[in-house]
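If you want the building blocks of each chain, they are given just below.
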Amino acid sequence: WEMNGKRFMHQIWHPFARCLKKKVADTPTKEQQNATLAVNLSVSFVHAHLVAQAFMADEFGKSNDDDQRSADSKASFADVYRLIILESDTEIQKAEAALAARDAKDVDITKSHLFCKIMLSHAVHDITKVRDVGLVSNIEAGEVLEEIGTAFYLLSSNKHEYSGELSKEEKEKALEKVQI
């Protein structure tokens, strides 16, 4: 588990992060960045294993009456399937233990920021799609995309703290800008 995380950081994350890095006064410390990355890796790792397990169950976990393999072959396949799921569960437990070892507030904040980034990414996709079919102009889409970019920037430059929940009125005002 840890080796996969280190490989990911070295081969994928660090080059990507260098492209996005901006110097700002309230940039998170290296320690905060590493804590955030570790939580993101653990959460992503668990999610990937759960998705893979669901896929395995859909594709290989069912008994198929039309299966022409011998009984020994079917039993062997079932044993291999169970072993794969067991190994996956073990890796999930390791990743969850790594999360549990971290400060609960840090984990909650990082998960919240990750969720926000996912939602913002979906919003970018949706706005781009609506613009491409001509339902909004390039200027209108650009304004919304600029606000989403600002939100991404604020999430990235946050010093690993909650910056406070918006009031109901502030939420409604913000939603008015993105409702279609």
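For the structure itself, consult the block above.
Residues numbered from 1 in each chain as written. Predicted model: local features only at pLDDT ≥ 70, side-chain atom pairs only at ≥ 80, totals over all residues. Heavy atoms only, no water.

Visitor: Help me understand the overall build of the protein chain, please; the structure alone is not making it clear to me.
Guide: Scanning the protein chain from N- to C-terminus turns up six helices and zero strands. Each helix (α) and strand (β) of the protein chain, taken in turn from the N terminus, gives the series α-α-α-α-α-α. For the protein chain, with 180 residues in total, the buried portion stands at 18%. In the protein chain, the share of contacts with a sequence separation of at least 24, taken over all contacts with a separation of at least 6, comes to 81%. By element, 57% of the accessible surface of the protein chain is carried by carbon and sulfur atoms, the whole surface being about 13,300 Å². (Helix = DSSP H or I, 4+ residues; strand = E, 2+ residues; numbered from the N terminus. Buried < 20%, exposed > 50% of the residue type's maximum accessible area, 1.4 Å probe, protein only. Contact = heavy atoms within 4.5 Å. Areas by Shrake-Rupley, 256 points an atom, 1.4 Å probe, with all protein chains shown as cover.)

Visitor: Explanation requested: a negative patch on the surface in the structure shown.
Guide: A contiguous patch of negative charge on the surface is contributed by Glu-169, Glu-170, Glu-172 and Glu-176. Along the polypeptide, Glu-176 turns up in helix 6 (residues 168–178). (Patch = residues over 30% accessible without salt bridge, like charges linked within 9 Å, V, L, I, M, F, W, Y side chains within 5 Å. Salt bridge = Lys/Arg side-chain N within 4 Å of Asp/Glu carboxyl O. Lys, Arg positive; Asp, Glu negative; His and termini not counted. Charge placed at Lys NZ, Arg CZ, Asp CG, Glu CD.)

Visitor: So what exactly am I meant to see when it comes to the nonpolar core here?
Guide: The tendency in soluble globular proteins is for nonpolar side chains to be buried as a group. In this structure, Leu-120, Ile-127, Ala-141, Val-144, Ile-148 and Leu-155 together form the largest nonpolar core, which totals six residues. Of all the secondary structure elements, the ones that give two or more residues to this core are helix 4 (104–132) and helix 5 (138–157). The greatest single-element share of this core, amounting to four residues, is contributed by helix 5. The contact partners of Ile-148, leaving out residues within four places of it in the chain, are Leu-120, Ala-123 and Val-124. (Core = buried A, V, L, I, M, F, W, Y, C linked by side-chain atoms within 4.5 Å.)

Visitor: Would you mind showing me how to read the pattern of salt bridges here?
Guide: Two side chains of opposite charge can pair, provided their charged atoms sit close to one another. In the structure shown here, the tally under the stated rule is three salt bridges. Put simply, Asp-79 and Arg-82 hold a salt bridge, and the shortest N to O gap is 2.6 Å. Taken as a pair, Asp-79 and Arg-82 lie in helix 3 (residues 71–100) at a separation of three residues, close to a single helical turn. A salt bridge links Arg-131 to Asp-132; the nearest nitrogen and oxygen atoms lie 3.1 Å apart.

Visitor: Help me understand helix 4, please; the structure alone is not making it clear to me.
Guide: Since the α-helix packs 3.6 residues into each turn, any two residues three or four apart lie on the same face. With 29 residues, helix 4 extends 42 Å between its outermost C-alpha atoms, agreeing within 8% with the 42 Å of an ideal straight helix rising 1.5 Å per residue. Within helix 4, the full set of buried residues consists of Val-107, Ile-109, Thr-110, His-113, Leu-120, Ile-127 and Val-130. Residue Asp-103 occupies the N-cap position of helix 4, its side-chain oxygen lying 3.0 Å from the main-chain nitrogen of Lys-105. Residue Gly-134 follows helix 4 closely and has a positive phi angle near 90°. (Expected span 1.5 Å × (residues − 1). Polar contact = N/O pair within 3.5 Å; in protein donor to acceptor, adjacent residues only side chain to side chain.)

Visitor: Looking at this model, I keep getting lost on a nonpolar patch on the surface. Mind explaining?
Guide: Residues Phe-55, Phe-60 and Phe-77 make up a contiguous nonpolar surface patch of roughly 270 Å² in combined accessible area. Among the structural elements, Phe-77 can be located in helix 3.

Visitor: How should the environment of Leu-145 be read in this particular structure?
Guide: Looking at the secondary structure, you find Leu-145 in helix 5. Linking Leu-145 and Val-124, residues 21 residues apart in sequence, is a C-alpha distance of 6.4 Å. Residue contacts for Leu-145: discarding those within four places in its chain leaves Val-124, Ile-127, Thr-128 and Arg-131.

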